[in-house]
Amino acid sequence: MSRLDHLWHKWRAIAALVLGRRAAALAIFDQMLARWTDDAYALASRTQLHAEAGRRDAALADSQRLVALQPANAHAWFNHGFLLEEAGQLDEALAAFRRATELSPKLDRAWYGLGLTLIRLHRFDEAVAALKRNTELQPMSPYGWYQLARVHVDRQNPEEAVKIIRHLKGFEPKVAAQLERETGLLA
């Protein structure tokens with residue numbers, strides 16, 4: 001009966017979310033966690049709702065609890081790193097993104113988050129390595145390429161940035177044009 005009850009709560013929460021009733025969904029997740037304290041689904045969902053509502057401290061607390069419950073879950077570590085980076089807790093974010101990449105070396109978003117965090121820490125050489133890995137995993141996504149070009153400019157290496165702008169012109173000309181405007185470099 002408990003399994004069916006859990007499933008019933010879960011479907012009610014999903015229905016509330018589909019209907020745009022976030023407060024009702026949050027209340028259901030609270031009920032679930034009161035009853036099933038280690039429910040990773042409810043905890044991850046509540047974390048997301050708190051983050052979307054701007055309740056950073058609550059989101060971080062739930063996220064911390066989730067990675068403690070699921071220390072081998074790369075996606076949980078990525079999400080935790082994202083929240084930490086957003087909160088300006090850069091050393092902790094760095095550790096979380098590194099853990100995510102260790103657990104799932106093909107998790108491109110974790111490499112991107114790691115790169116952004118390293119940029120904020122002015123560790124540009126390490127950021128280049130992380131962003132290169134991101135672009136290897138997601139070669140058609142402009143985000144990693146854009147950040148990589150910006151890092152090359154910050155490192156006083158405009159030749160590499162021009163190569164990236166030229167590369168972006170082949171599949172993301174708007175991003176290439178934006179980089180040209182922002183950097184003054186023409187490819």
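These numbers come from a predicted model, not from an experiment.

Cut-off values and rules
- Residues numbered from 1 in each chain as written.
- Predicted model: local features only at pLDDT ≥ 70, side-chain atom pairs only at ≥ 80, totals over all residues.
- Heavy atoms only, no water.
- Helix = DSSP H or I, 4+ residues; strand = E, 2+ residues; numbered from the N terminus.
- Contact = heavy atoms within 4.5 Å.
- Areas by Shrake-Rupley, 256 points an atom, 1.4 Å probe, with all protein chains shown as cover.
- Lys, Arg positive; Asp, Glu negative; His and termini not counted.
- Charge placed at Lys NZ, Arg CZ, Asp CG, Glu CD.
- Axes fitted to C-alpha atoms, helices over the stretch in contact; angles between N-to-C directions.
- Parallel < 35°, antiparallel > 145°, perpendicular 65-115°, else oblique.
- Left-handed = near helix turned anticlockwise from the far one by under 90°.
- Nonpolar A, V, L, I, M, F, W, Y, C, P; charged D, E, K, R; others polar.
- Core = buried A, V, L, I, M, F, W, Y, C linked by side-chain atoms within 4.5 Å.
- Buried < 20%, exposed > 50% of the residue type's maximum accessible area, 1.4 Å probe, protein only.
- Salt bridge = Lys/Arg side-chain N within 4 Å of Asp/Glu carboxyl O.

Novice: What am I meant to see in the overall build of the protein here?
Specialist: Scanning the protein from N- to C-terminus turns up 11 helices and zero strands. Each helix (α) and strand (β) of the protein, taken in turn from the N terminus, gives the series α-α-α-α-α-α-α-α-α-α-α. For the protein, the spread of C-alpha atoms along the three principal axes comes to 65 × 30 × 25 Å. A fraction of 43% describes how many contacts in the protein between residues 6 or more apart in sequence connect residues 24 or more apart. Accessible surface, the protein as shown: approximately 10200 Å² in total, 55% of it carbon and sulfur. Each charge class in the protein was averaged separately, 25 positive and 22 negative side chains, and the resulting centres sit 5 Å apart.

Novice: What exactly am I supposed to notice about the packing of helix α5 (residues 74-86) against helix α7 (residues 108-120) here?
Specialist: Geometrically, a packed helix pair is captured by the angle between its two axes and the distance between the axes. Direction vectors running N to C along α5 and α7 enclose 25°, while the axes themselves pass 10 Å from each other. Of the possible angle classes, the one that applies to α5 and α7 is roughly parallel. The element α5 and its partner α7 pack so that their crossing is left-handed. Contact residues: α5 offers His75, Phe78 and Glu85, while α7 offers Arg109, Ala110, Thr117 and Arg120. Residue composition of the contact of α5 with α7, grouped by class: two nonpolar, two polar and three charged.

Novice: Would you mind going over the nonpolar core with me for this structure?
Specialist: What tends to happen in soluble globular proteins is that the nonpolar side chains get buried as a cluster. Membership of the largest hydrophobic core comes to 54 residues, with the highest contact counts inside it found for Phe29, Leu114, Val151 and Leu168. Dropping the residues within four chain positions of it, Leu168 is found in contact with Pro142, Trp145, Tyr146, Pro173, Val175, Ala176 and Leu179.

Novice: Quick question: what am I supposed to make of unusual backbone geometry here?
Specialist: Note: most residues except glycine have negative phi, and most peptide bonds are trans. Despite not being glycine, His122 shows a phi value in the positive range, around 60°. On the secondary structure map, His122 appears in the loop between α7 and α8 (124-137). Overall, His122 belongs to the exposed group, its relative accessible area being 59%.

Novice: Is there a simple way to explain the pattern of salt bridges in this structure?
Specialist: Pairing between side chains of opposite charge can happen when their charged atoms approach one another. All chains considered together, the criterion is met by 13 salt bridges. A salt bridge links Glu126 to Arg123, with the shortest nitrogen-to-oxygen separation between them at 2.8 Å. Looking at Glu126, the relative accessible area reads 32%, which means it is partly exposed. According to the relative accessible area criterion, Arg123 is partly exposed, its value standing at 31%. Linking Arg133 and Glu136 is a salt bridge whose minimum nitrogen-to-oxygen distance equals 3.2 Å.

Novice: I'm lost on the packing of helix α10 (residues 158-169) against helix α11 (residues 173-183) in this one. Help?
Specialist: Between α10 and α11, the least distance of the axes is 7 Å, while the angle of their chain directions is 150°. The angle between α10 and α11 falls in the class roughly antiparallel. In this structure, the crossing between α10 and α11 has a hand that is left-handed. Seen from α10, the contacting residues are Ile165, Leu168 and Lys169; seen from α11, they are Pro173, Val175, Ala176, Leu179, Glu180 and Thr183. Its residues assigned to classes, the contact of α10 with α11 shows six nonpolar, one polar and two charged.

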